[in-house]
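Survey of secondary and tertiary structure
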Amino acid sequence: MSLKLIERLAINKNRRDKVLISACLLGESCRYDGKSKKVEGIEKLLNYFDLIPICPEVMGGLKTPRDPSEIKGLMVITKKGKNVTEEYNNGAYLASTIAHIKHVKLAVLKENSPSCGVYKIHDGSFTNKLISGEGITTKRLKKENIPVINEEEALELLKELQDENI
Ligand code: SF4
């Protein structure tokens, strides 16, 4: 039987750990298209954690709205062909700096994004195809031993925490 997320992530619900979260999941309109990707109920994580919203693409110097970008090999390229790897790396660096300064327990990042994707990213062809892979910020945080989960897992974790309180 697979471990519950609470166990896998060693969550102690008697502590208020700090958690990085993709700002667009909380309703911030910081996506490339100027919209958010709000996930209903995810803000209830606040009952258990101190949430620190981040948007690595904006932190890295990109404007909103912006051209969509995808990871292609070792680079991040916009749909118009501009190399934005540096901005993506800057955003990842700043996210990791915040994570270390604030001693965050984990990060909840938005699936499929070239910055925040946890298990899936677009394949670099701008044809809406997803492949297994990690966004630039996710990769950096994981390399630095900060666990990263996606929005679906965050809702699962929330349910586990709520069930424990019954
Ligand atoms: Fe959301 Fe991350 Fe994209 Fe910012 S970089 S809009 S937080 S998925």
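Look up a bit, the structure's there.
My aim in this report is to walk through the structure given alongside it, one point at a time.

A closer look at unusual backbone geometry
Residue Thr64 is joined to Pro65 through a cis peptide bond whose omega torsion reads -5°. Relative to the helices and strands, Pro65 is located in the loop between helix H2 (56-59) and strand E3 (69-72). Phi angles above zero are rare outside glycine, and Ala10 is one such case at about 50°. Considering the arrangement of structural elements, one finds Ala10 in the loop between helix H1 (5-8) and strand E1 (18-22). Its identity as a non-glycine residue notwithstanding, Asn112 has a phi of 80°, on the positive side. Considering the arrangement of structural elements, one finds Asn112 in the loop between strand E5 (106-108) and strand E6 (120-122).

Things to note about the sheet that holds E1
Taken together, four strands build an open sheet; the order of strands is E2-E1-E5-E8 and the sheet is parallel. A single partner strand is all that each edge strand has here, and the edge strands are strand E2 (50-54) and strand E8 (148-149). As judged from the five bridges shared by E1 and E2, these two strands associate in the parallel manner. Residue pairing for E2: Val19 is matched across the bridge by Leu51.

Remarks on the site of the ligand
Surrounding the ligand, one finds 14 residues, the nearest of these being Cys24, Cys30, Cys55, Glu57 and Cys116. Among the cavities detected, the one that contains the ligand is the largest pocket. Classifying every residue of the shell around the ligand by side-chain character gives seven nonpolar, three polar and four charged.

So, the layout of surface pockets
Space inside the largest pocket adds up to approximately 500 Å³. Taken together, 26 residues form the lining of the largest pocket, with Arg31, Tyr32, Ser113, Pro114 and His122 sitting closest to its centre. Listed by contribution, the elements that provide at least two residues to the lining of the largest pocket are H2 and E3. What lines the second largest pocket is a set of 15 residues, among which Asn89, Gly135, Ile136, Lys139 and Arg140 lie closest to the centre. Of all the secondary structure elements, the ones that give two or more residues to the lining of the second largest pocket are helix H3 (85-101) and helix H4 (136-143). Sort the elements by how many residues they give to the lining of the second largest pocket and H4 lands first, with four residues.

Parameters and conventions
Residues numbered from 1 in each chain as written. Predicted model: local features only at pLDDT ≥ 70, side-chain atom pairs only at ≥ 80, totals over all residues. Heavy atoms only, no water. Helix = DSSP H or I, 4+ residues; strand = E, 2+ residues; numbered from the N terminus. Pairing = 2+ DSSP bridges. Near = heavy atom within 4 Å. 1 Å grid on protein atoms, 1.4 Å probe; cavity = no way out; pocket = protein on both sides within 12 Å on 5 of 7 lines; lining within 4 Å. Sits in = over half its atoms within 2 Å of the grid points. Nonpolar A, V, L, I, M, F, W, Y, C, P; charged D, E, K, R; others polar. Points joined across faces, edges and corners; volume = space filled by probe spheres on them.

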